[in-house]
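Topology and contacts: notes
Below are the chains, spelled out letter by letter.
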Amino acid sequence: MSAVLEVEELSVDIPVSAGLLHPVQGVSFTVNRGETVCIVGESGCGKSLTALAIMDLLPSSARRLAMRLLLDGEDMLNASERRMSDIRGSKMAMIFQEPMTSLNPAYTIGNQLAEALTRHRRVSREQARERAVFLLEKVGITAAASRLRQYPHQLSGGLRQRVMIAMALMCGPDLIIADEPTTALDVTIQAQILLLLASLQKEFQMGMILITHDLGVVARVADRVAVMYAGQVIEAGDARQIFQQPMHPYTQGLLDCIPVPGKTQRGAHLGAIPGIVPTLIGDFIGCRFRERCNYAMVDCVSEEVSSRDAVQSGHTYRCLLGAQQCADNAKRKASA
Amino acid sequence: MFVYALKRLGVAVLVAITVSMVTFSLLYLSGDPAMALAGESATQQDIENIRRVYGFDRPIILQYLSWAWGALHGHLGYSNYLRTDVAAVVFERLPTTMTLGAAAISFALILSIPLGVLAAMRPNTVVDRFALTLAVVGQALPSFWFALILIFWLGIEWRLLPITGTESWKNFIMPAIALGYYVTPGVMRLTRAGMLEVLSSDYIRTARAKGLRSGTVLFKHALRNAIIPVVALTAVQFGFMLGGSIVIETIFAINGLGYLAWESIQRADMPVMQAIVLVLACIYIVLTFLADMLNAFLDPRIRVA
Amino acid sequence: MAARPESFSAATLPTAGQILEPSAGVLLRRRVFGHAGVTIGGAVLILIIAVALLAPILAPDDPYTQDLARREIPPIWHVKGTWEHPLGTDQFGRDYLSRLIYGARISLLIGFAAMLISGVIGTSLGVAAGYFGGRVDMVVNFIITTRLSMPVVLVALAVVSIVGNSLVIVIWVLGLLIWDRFAVVMRSTTQQVRNLDYVAAAQAVGCSTARIVLTEIMPNIVNHLIVVATLEMAHAILLEAALSFLGLGVQPPAPSWGLMVSEGKNLMFFEPWLIGIPGAALFALVLSINLLGDGIRDVTAPENRS
């Protein structure tokens, strides 16, 4: 499998009045062709900023640092803004969280769809229109041709997100980044949109980064999973590995929060992770999860924690505990 | 859209009627027109006769209705001072004031919109601070004083521009600046605020994520949305300007409506004064109506309801 | 807290930024004194108010006493200036500094009084429209639209020419004309506050309308009110000056700054300071009020600052 996107040691710094904020620190992962990587984590953990950093769409005050950032083998770290704008929308595209406000209210759907294609490809307006109709039908919009003349405010949230997906696909990108694409939608529509995304991703053999805080979503569509906490990837691996044998205490805590049908007793307490995320301003030494961790040790305060390999290959986690101990912890939790 | 336009038109007509009532009452309160018509040597009997002949003894409602009926047909009254029909004088002077207003609003827009856009693109930089300073100073500058300063420097010391009259387009430069600068802070701030809001909106991020060129993002996607409220403000300010041009016209001796108003006040010629107020109010009403229509046209959320 | 079952929707967790914010009071103080507009504007305004209040003590001369032998003496920075009249004398030989000092009284009095009158009218209309909505809102909107379509200066001139002009009349005419911004802003802010849950809660426990407006709505719109009040005070001061300049506001020999510019106008080519000094005073006063108003808006609504 060839890598579409390689991210190594990606960090984002934002100067704020109290000092330098490090919302993303040392994030590394790879997305292969035809593969869905889910980035999971609570709000504020840096997953959206990671996506924006890859797209080079960070707010102007933020700074991006990385060892390596390759798209189809091309270096994006030193690419000019001009080159980046050629890449955006063409080789990689993004779908945002807020379909209600992500479309320009002043222009028709057709105009905004066609523009995504004509910007990057030498095509006639008629060809752009045909492509738009084709993709609108692909994303399950009926009477696609007549929708082109409509304005965003005439469409429901679910329809608008479908339009956003079609827009992202206009140029046939190699990588698609979906930042919580279903959070703002009704529960009934969420599943439809996700399944749609997953099937399109398989059909067009794109790499996809799906950002979410919904573990149920992850379980259904992820090939691989990266769990983020306080700006760092604290565990990464195949979806099966993460769900069957979570290593990091935080990941174990997360999975503990999900009710399992047939297993969780009615009225029984679901798991909770007490405490709050530490502030990420200034230098932070040691494990970021230690304040909330049941297994915290003295070393967690002083020692920088790096990623280490779990039992199975391709599965890494960021904790001082040994792999065997983590596995035992997981078993104990499961049996409790 | 059609229903919206119709509703909006209804409001405009109602406002116009109300304004006409107010201006009529101005005239009514200004004194007994019969006495003025009769002249100083008239006897009580003469005055009574005139009152009956002209219908000044009727109830005020009837007087208003007959006056309004006349106004609808272009009869705005009779000036005892000028001994002529008011409408003729007013509409003779109107084009000059409109020219001045158009020049002033052009000056204001050319200065304020680019400045507002630049300030929004580079918030908290030198450009932004310059724009803000200009706005704050502009709002505090008394227009008559500013006009005199312009005359003193541009007209007298450097002899660049003529200081009075309406002979050539050069005569309109200083008045247009003096009248227009007062509008620039408002328009500039609104443009800046609108652009700031739009530039941080989700759909601008979408446009950038599509890889659109920054020019396309700025002009097609941002300015188009930010400019919508500016349209309405411009219409409102243009209306205010026509009313405020009295100060500028008197200073620069421009023979427009404002100057006529000032002359009429001096000679207590209330019919002319009242007609000017009515005409300017109606222009304002028409302008704001047109601005709302233009707004609806620019904003599909109103147009395609 | 820890025992409470919480699903993994981290929306409930505060972010790093929120924890580190200093308290609201500290922030407010820091913003007020860190804001150049508030400090400069406030200082200049306080200075002008003090000068106006202390006019009889500060003014070197009577502002009305004419001395035709000592006409048009230039101010002190001029070669021919004398310390006897630091800002010179006008065409009637009246001490210009004294007239300037007493003129501050007129501007401030008219500005403040007209602002109060228009504030009461505009706020009542705006709050009523915003709070009751529906038909009340419609009527108030109509009144505002009608008022906006009447040219202020011309109507003021017409009214003054009918009822005669005096300080009190100018105050009332301006006050009755410039309430529109109060009404517009108060209407929209009241609408916003009215839809908040605590107003609904107050209604639910059966508070009277008057009580809700006074104790729930007013405290939440009062900073907007202050901002508009400063803007309208500046507006009224400029309008009075313009009316007086046109000869239909405050009447001579009162030392209104607008009137002083008007009187000096004919001599401006020979004695430019005759219009320069009162004009600059007017500019400084209006600028300081505007700076203060803008500053208050920035300080009370930090989200408006970019």
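Counting its secondary structure elements, chain A contains 12 helices and 13 strands. Its C-alpha atoms give chain A a radius of gyration of 21 Å, within 12% of the compact-globule value 20 Å for 336 residues. Its C-alpha atoms give chain A principal-axis dimensions of roughly 65 × 50 × 40 Å. If you sum the accessible surface of chain A, you get close to 14,300 Å²; carbon and sulfur atoms cover 51% of it.

A separate point is unusual backbone geometry. Residue Pro253(C) is reached from Pro252(C) by a cis peptide bond, and omega for that bond is 10 degrees. On the secondary structure map, Pro253(C) appears in the loop between helix H11 (209–245) and helix H12 (257–264). Its identity is not glycine, yet Asp56(A) carries a phi of approximately 60 degrees, on the positive side. Tracing the backbone through its elements, the reader meets Asp56(A) in the loop between helix H1 (47–55) and strand E4 (63–65). You can call Asp56(A) partly exposed: its relative accessible area is 24%. Even without being a glycine, Ala253(B) presents a positive backbone phi close to 50 degrees. Judged by relative accessible area, which is 32%, Ala253(B) ranks as partly exposed.

This part covers the packing of helix H3 (residues 36–53) of chain C against helix H5 (residues 96–132) of chain C. Residues and elements named next belong to chain C. Running from amino to carboxyl end, H3 crosses H5 at an angle of 110 degrees, the nearest separation of the two axes being 8 Å. Relative to H5, the element H3 is oriented roughly perpendicular. Along this stretch, H3 crosses H5, giving a crossing that reads as left-handed. Between H3 and H5, the contacting residues are Ile 48, Ile 49, Val 51, Ala 52 and Leu 53 on the first element and Ile 101, Ala 104, Arg 105 and Leu 108 on the second. Across the contact of H3 with H5, the residue classes break down as 8 nonpolar, no polar and 1 charged.

The next point concerns empty space enclosed by the protein. Residues and elements named next belong to chain A. Tallying each qualifying case throughout the model produces 8 cavities of 30 Å³ or more. Size it by volume and the second largest cavity reaches roughly 80 Å³. No other element matches the 3 residues that helix H6 (residues 157–169) contributes to the lining of the second largest cavity. Taken together, the residues of the lining of the second largest cavity sort by class into 7 nonpolar, 2 polar and 1 charged.

With that settled, consider the pattern of salt bridges. Once the charged atoms of two side chains with opposite charge are near each other, the side chains can pair. All names here are of chain A. Using the criterion set out here, one finds 34 salt bridges over all chains in the structure. When the shortest N-O distance is used, the salt bridge between Arg 68 and Glu 8 registers 3.0 Å. Separated by 60 residues along the polypeptide, Arg 68 in strand E5 (residues 68–71) and Glu 8 in strand E1 (residues 3–16) bring together distant segments of the chain. Note that Glu 74 and Arg 83 form a salt bridge whose closest N and O atoms lie 2.8 Å from each other. Exposure remark for Glu 74: the relative accessible area of 22% places this residue in the partly exposed category.

So, about the domain arrangement of chain A. On domain assignment, one finds that chain A holds domain 1 (99–170) and domain 2 (242–335). Between the C-alpha centres of domain 1 of chain A and domain 2 of chain A the distance comes to 43 Å.

This brings us to the packing of helix H3 (residues 109–118) of chain A against H6(A). All names here are of chain A. Relative to each other, H3 and H6 sit at 25 degrees, their axes nearing to 8 Å. Accordingly, the angle class assigned to the pair H3 and H6 is roughly parallel. Crossing of H3 against H6: the hand is right-handed. Contacts between H3 and H6 involve Ile 109, Gln 112, Leu 113 and Ala 116 from the former and Val 163, Ala 166 and Met 167 from the latter. A class-by-class count of the residues in the contact of H3 with H6 yields 6 nonpolar, 1 polar and no charged.

Residues and elements named next belong to chain B. Where nonpolar side chains cluster on the molecular surface, the patch consists of Phe 2, Leu 6, Leu 9, Val 13, Leu 14, Ile 17 and Met 21 and spans about 680 Å² of accessible area. In this structure, Val 13 sits in helix H1 (residues 2–29). Of the residues examined, Val 13 reaches a relative accessible area of 46% and is grouped as partly exposed.

This brings us to the interface of chain B and chain A. Opposite the 19 residues of chain B that make contact, chain A presents 29 residues. For the pair chain B and chain A, the summed buried surface comes to about 2,300 Å²; carbon and sulfur atoms form 52% of the total. Of all residues in chain B, Arg205(B), Lys210(B) and Arg213(B) give up the largest surface area on contact with chain A, accounting jointly for 26% of the area buried on that side. Across the chain B-chain A interface, the total number found is 3 salt bridges. Measuring nitrogen to oxygen at the nearest pair gives 2.7 Å for the salt bridge that ties Glu115(A) to Lys220(B). Put simply, chain B and chain A have 16 residue pairs in polar contact (both at pLDDT 80 or more) between them. Sort the elements by how many residues they give to the side of chain B that touches chain A and helix H10 (residues 202–209) of chain B lands first, with 6 residues. Class assignment for the residues of the side of chain B that touches chain A results in 5 nonpolar, 5 polar and 9 charged.

The rules we used
Residues numbered from 1 in each chain as written. Chains lettered and ligands numbered in written order. Predicted model: local features only at pLDDT ≥ 70, side-chain atom pairs only at ≥ 80, totals over all residues. Heavy atoms only, no water. Helix = DSSP H or I, 4+ residues; strand = E, 2+ residues; numbered from the N terminus. Rg over C-alpha atoms; globule rule 2.2 N^0.38 Å. Areas by Shrake-Rupley, 256 points an atom, 1.4 Å probe, with all protein chains shown as cover. Buried < 20%, exposed > 50% of the residue type's maximum accessible area, 1.4 Å probe, protein only. Axes fitted to C-alpha atoms, helices over the stretch in contact; angles between N-to-C directions. Parallel < 35°, antiparallel > 145°, perpendicular 65-115°, else oblique. Left-handed = near helix turned anticlockwise from the far one by under 90°. Contact = heavy atoms within 4.5 Å. Nonpolar A, V, L, I, M, F, W, Y, C, P; charged D, E, K, R; others polar. 1 Å grid on protein atoms, 1.4 Å probe; cavity = no way out; pocket = protein on both sides within 12 Å on 5 of 7 lines; lining within 4 Å. Points joined across faces, edges and corners; volume = space filled by probe spheres on them. Salt bridge = Lys/Arg side-chain N within 4 Å of Asp/Glu carboxyl O. Domains from an automatic or database assignment. Patch = residues over 30% accessible without salt bridge, like charges linked within 9 Å, V, L, I, M, F, W, Y side chains within 5 Å. Buried area = accessible area lost by both parts, 1.4 Å probe. Polar contact = N/O pair within 3.5 Å; in protein donor to acceptor, adjacent residues only side chain to side chain.

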